[in-house]
Amino acid sequence: MSVRTAPAQLRRDFFARSVHDVAPALIGCTLLVNGVGGPIVEVEAYDPTDPASHAFRGPTPRNRAMFGSAGHAYVYRSYGIHWCLNLVCDAAGHASAVLVRALQPTHGREEMVKRRSTSQQRLLCSGPGRLCQALAITGAYDGLALDAPPFELLPRAEPVEVATSRRIGLTKAVDREWRYTAAGSRFVSRTR
DNA sequence: CAGTGGATGCTCT
DNA sequence: GAGCATCCACTGT
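The structure contained in this document is the topic of the report that follows.

1. A look at the protein's contact with DNA strand C
Taken together, 18 residues surround DNA strand C, and among them His 54, Tyr 76, Asn 86, Gly 129 and Arg 130 come closest. Atoms of DNA strand C within 4 Å of the protein belong to the sugar or the phosphate in 60% of instances, the rest to bases. One nitrogen or oxygen atom from the side chain of Arg 101 is found 3.4 Å from a phosphate oxygen belonging to DNA strand C. Pro 128 is positioned with one of its backbone polar atoms (N or O) 3.3 Å from a phosphate oxygen of DNA strand C. For the surface near DNA strand C, the secondary structure elements donating two or more residues are strand S3 (73-78), strand S4 (82-89), strand S5 (96-103) and helix H3 (128-135). Element by element, the count of residues in the surface near DNA strand C is highest for H3, at three residues. The residue inventory of the surface near DNA strand C, partitioned by class, reads seven nonpolar, eight polar and three charged.

Dropping the structure here:
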């Protein structure tokens, strides 16, 4: 007889479905990197039909992880300065991903304050570049599996109300409402 | 608060 | 050589 326990982590098959299902389902899930992080409050979806996606024009050295299997990280450098973290979705070849834009800093706050050089809770992890700096995510994490250290992804503890809106900072496909936020959270990167 | 411009490096044409 | 899935400092109300 087996004892059923709540899953400790999101399994790899959580990501092996449409990015449009995965993205809203990630709101409220806790993301930790080496024990530092908190509940995700803002993400954006990028799918294969999306001109704004890095994978839209096919595989390249940079976007290689997006064409790999679901449940892995895709990390790229933004504007030559910042790192951005994506979670790869769908089966191999579909090349879709969720950009993690903000989370509520609950775990390892002192570490984040040190890395970010600010003690303002609101500015620790609100924005993809800030979040990666606070969690010390770099290009070295590109392609790593999300269900093994240093990553830890925990399911929602409670139900969350998810709001949709237009994505931030794009020049292409700006009308697609593929940004998902925890309704009312003050840790999202913008209200728009 | 809103708006602007600079930093900075890599990717792809 | 252009264009970024960004952030910060600085300006002016």
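Let us keep going from here.
2. A look at helix H1 (residues 19-26)
Turning to H1, its buried residues number three or more, namely Val 19, Val 22, Ala 23 and Leu 26. For H1, the angular spread of buried residues about the axis comes to 100 degrees, placing them on one side. In this structure, the buried side of H1 is in contact with strand S2 (36-46), S4, S5 and strand S8 (179-182). In this structure Ser 18 caps H1, since a side-chain oxygen of it lies 3.0 Å from the backbone nitrogen of His 20. After H1 finishes, the residue Gly 28 shows a positive phi value of roughly 95 degrees.

Rules behind the numbers
- Residues numbered from 1 in each chain as written.
- Chains lettered and ligands numbered in written order.
- Predicted model: local features only at pLDDT ≥ 70, side-chain atom pairs only at ≥ 80, totals over all residues.
- Heavy atoms only, no water.
- Near = heavy atom within 4 Å.
- Polar contact = N/O pair within 3.5 Å; in protein donor to acceptor, adjacent residues only side chain to side chain.
- Helix = DSSP H or I, 4+ residues; strand = E, 2+ residues; numbered from the N terminus.
- Nonpolar A, V, L, I, M, F, W, Y, C, P; charged D, E, K, R; others polar.
- Buried < 20%, exposed > 50% of the residue type's maximum accessible area, 1.4 Å probe, protein only.
- Arc of directions from axis to C-beta.
- Contact = heavy atoms within 4.5 Å.

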